[in-house]
Amino acid sequence: MAHLWRGVIREYMDRLDIKSDNPIITLGEGGTPLVQAPALAKLVGAEAAWLKFEGMNPTGSFKDRGMTMAVSKAVGHGAQAVICASTGNTSASAAAYAAAAGIQSVVLVPKGKISLGKLSQAVAHKAQILQVKGNFDDCLRLARELSENYAVHLVNSVNPDRIEGQKTGAFEVVDALGYAPDLHVLPVGNAGNYSAYFKGYQEDLEAGRIYKIPQMWGYQAEGSAPFTVGHPVAKPETIATAIRIGNPASWDLAQNAREVSGGRFGAVTDAEILWMHRFLSQEVGVFVEPSSATGAAGLFKASKAGEVAAGSKIVVTVTGHGLKDPMWALKDERGKEIKPTSVSAKAAEVAERLGLSKSS
Ligand code: F0G
């Protein structure tokens, strides 16, 4: 009989920091596909590679795993409103879960720097949206300040409930494979997700479900790479707007995760991100938003430097759906717009345009 996935809180109740009588606000998040990616494994010379396809969550990104926890606990505390700063995905998720809970959401986004798909989600779910003249880091500073002084509950990943929910991504990888991969690769912005996967693996290790933690490899965009330069970046720039963050909120957690796991941070160019974005959709069959291709782009770069061991088993988290920011798919390698050809509704003309030969 088919098993109906009940959302990450009910599926992992015994491993999460939540009381059994806390209200549960869920949209059925988690349980996302772990997609075999032989084309990626071949490209980087690994034994096997999988994509943890987080675009398959209810609002199209991994944020939902953390948001079910953060909003459930906010409601448990009697909150009437939640607030977040966002490059788009957190706000889409916060707005949806607040709608499900019947409370208000307030979102602060950097003006002109979030994709239309994500903005439309916040509007659709009736968030109060303010576009801030500044970048994500300014938005987060404001959201923190407001939540400290006003009756509004912060649901950014500086709230530990978010990390707690997102660690279930690692649980699912282990449940699906039966072991931990050698490498786990992710795109990094605030480094909340990077830290959350590490926490999940660490708890699996302590519980004896795995016998080693994967090396955690986190990649940023070159113009927005505080972990590579070793300090916050005042003016982050990249086309990967989801990870256009100069002052990561989970700095210390991430440094610890990197050190304990024997992992690394690195950076890739926007061109390398867009190349991998296309490779994943054309060769693997998984459509992600550009930011989500950053981890895989970093993995490819490392493989070209001979840094991926031949027998490696690798999981790459692809964080958000391609439909969030579809305009990038409609451009070719040189940035030229791709437009399908128009034809009349006649089979002979269509066949000619397609270069089809007659069947015998
Ligand atoms: N990938 C996507 C698609 C994201 O939206 C984000 C973060 C990340 C990766 C990085 O995750 O911050 O935990 O290191 N987006 C946040 C937002 C900042 O507001 O939606 P992180």
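Quick caveat: nothing in here was measured; it's all calculated off a predicted structure.

Rules used in this analysis
Residues numbered from 1 in each chain as written. Predicted model: local features only at pLDDT ≥ 70, side-chain atom pairs only at ≥ 80, totals over all residues. Heavy atoms only, no water. Helix = DSSP H or I, 4+ residues; strand = E, 2+ residues; numbered from the N terminus. Expected span 1.5 Å × (residues − 1). Buried < 20%, exposed > 50% of the residue type's maximum accessible area, 1.4 Å probe, protein only. Salt bridge = Lys/Arg side-chain N within 4 Å of Asp/Glu carboxyl O. Near = heavy atom within 4 Å. Polar contact = N/O pair within 3.5 Å; in protein donor to acceptor, adjacent residues only side chain to side chain. 1 Å grid on protein atoms, 1.4 Å probe; cavity = no way out; pocket = protein on both sides within 12 Å on 5 of 7 lines; lining within 4 Å. Sits in = over half its atoms within 2 Å of the grid points. Nonpolar A, V, L, I, M, F, W, Y, C, P; charged D, E, K, R; others polar. Points joined across faces, edges and corners; volume = space filled by probe spheres on them. Pairing = 2+ DSSP bridges. Axes fitted to C-alpha atoms, helices over the stretch in contact; angles between N-to-C directions. Contact = heavy atoms within 4.5 Å. Phe/Tyr/Trp six-rings, centres within 6.5 Å; stacked < 30°, edge-to-face > 60°. Lys NZ or Arg CZ within 6 Å of the ring centre and 35° of its normal.

K.L.:
Can you walk me through helix α9 (residues 192-206) in this structure?
P.N.:
Owing to its 3.6 residues per turn, the α-helix aligns residues three or four sequence positions apart on the same side. Along its 15 residues, α9 runs 21 Å from first to last C-alpha, staying within 8% of the 21 Å computed at 1.5 Å per residue. Within the span of α9, buried status applies to Gly 192, Asn 193, Tyr 194, Ser 195, Ala 196, Tyr 197, Phe 198, Gly 200, Tyr 201 and Asp 204. Looking one or two residues beyond α9, the residue adopting positive phi is Gly 208, at roughly 80°.

K.L.:
I'm lost on the pattern of salt bridges in this one. Help?
P.N.:
Any two side chains of opposite charge can pair, given that their charged atoms come close. Enumeration over the complete set of coordinates arrives at 18 salt bridges. Between Glu 172 and Lys 52 there is a salt bridge, with its nearest N and O atoms 2.7 Å apart. Taken together, the residues Glu 172 in helix α8 (residues 168-177) and Lys 52 in strand β2 (residues 48-53) connect sequence positions 120 residues apart. Both residues of the pair, Glu 172 and Lys 52, belong to the buried class. For Arg 65, the salt bridge is made with Glu 54, and the minimal N-O distance between the two is 2.6 Å. Of this pair, Arg 65 sits in helix α3 (residues 63-76) while Glu 54 sits in the loop between β2 and α3, and the two are 11 residues apart along the sequence. For the pair Arg 65 and Glu 54, a shared accessibility class is recorded, and that class is buried.

K.L.:
Would you mind showing me how to read the site of the ligand here?
P.N.:
Taken together, 20 residues form the shell around the ligand, and within it Ser 86, Thr 87, Asn 89, Ala 191 and Thr 319 come nearest. In the model, an oxygen atom of the ligand is placed 2.8 Å from a nitrogen or oxygen of the Asn 190 main chain. More than half of the atoms of the ligand fall within 2 Å of the grid points belonging to the largest cavity. Of all elements in the fold, only α4 (89-101) and α9 reach the threshold of two or more residues within the shell around the ligand. Residues of the shell around the ligand, tallied by class, amount to 7 nonpolar, 11 polar and 2 charged.

K.L.:
Explain the layout of surface pockets here, please?
P.N.:
Unfilled space is identified by rolling a water-sized probe across the atoms. Within this model, the largest pocket holds a volume of roughly 220 Å³. Residue assignment for the lining of the largest pocket shows that the elements contributing at least two residues are α7 (160-166), α9 and α11 (251-261). With 4 residues, the top contributor of residues to the lining of the largest pocket is α9.

K.L.:
Hey, could you run me through the sheet that holds strand β8 (residues 215-221) in this one?
P.N.:
Backbone-to-backbone hydrogen bonds pair the strands of a sheet. The strands run either parallel or antiparallel. Here 6 strands make up an open sheet; going across it, the order is β1-β2-β10-β7-β8-β9 and the pairing mixed. Lying at the two open borders of the sheet, with one neighbouring strand each, are β1 (34-36) and β9 (264-268). Adjacent strand axes in the sheet meet at a mean angle of 25° when their direction is disregarded. Sheet topology places β8 next to β9; 5 bridges connect them, and they run parallel. Each bridged residue has a counterpart across the sheet, and for Gly 218 the counterpart in β9 is Phe 265. Relative to β2, α8 is tilted by about 135°, and along the sheet it contacts β1, β2, β7 (183-187) and β10 (313-318).

K.L.:
Help me understand the packing of aromatic side chains, please; the structure alone is not making it clear to me.
P.N.:
The relative placement of two aromatic rings is captured by the distance of their centres and the angle of their planes. Across all of its chains, the model carries 7 aromatic pairs by this definition. Judged by centre distance (4.4 Å) and plane angle (20°), the ring pair of Phe 227 and Phe 265 falls under stacked. In this pair, Phe 227 is assigned in helix α10 (residues 226-229) and Phe 265 in strand β9, connecting sequence segments 38 residues apart. Across the pair, Phe 265 and Phe 227 agree in class, each one buried. With a centroid separation of 5.0 Å and an interplanar angle of 20°, the aromatic rings of Trp 275 and Phe 300 are classed as stacked. Remark: Phe 300 occurs in helix α13 (residues 294-304) and Trp 275 occurs in helix α12 (residues 270-284); sequence separation between them is 25 residues. Seen from the ring of Phe 171, Arg 209 lies directly overhead, with NZ or CZ sitting 5.9 Å from the centre.

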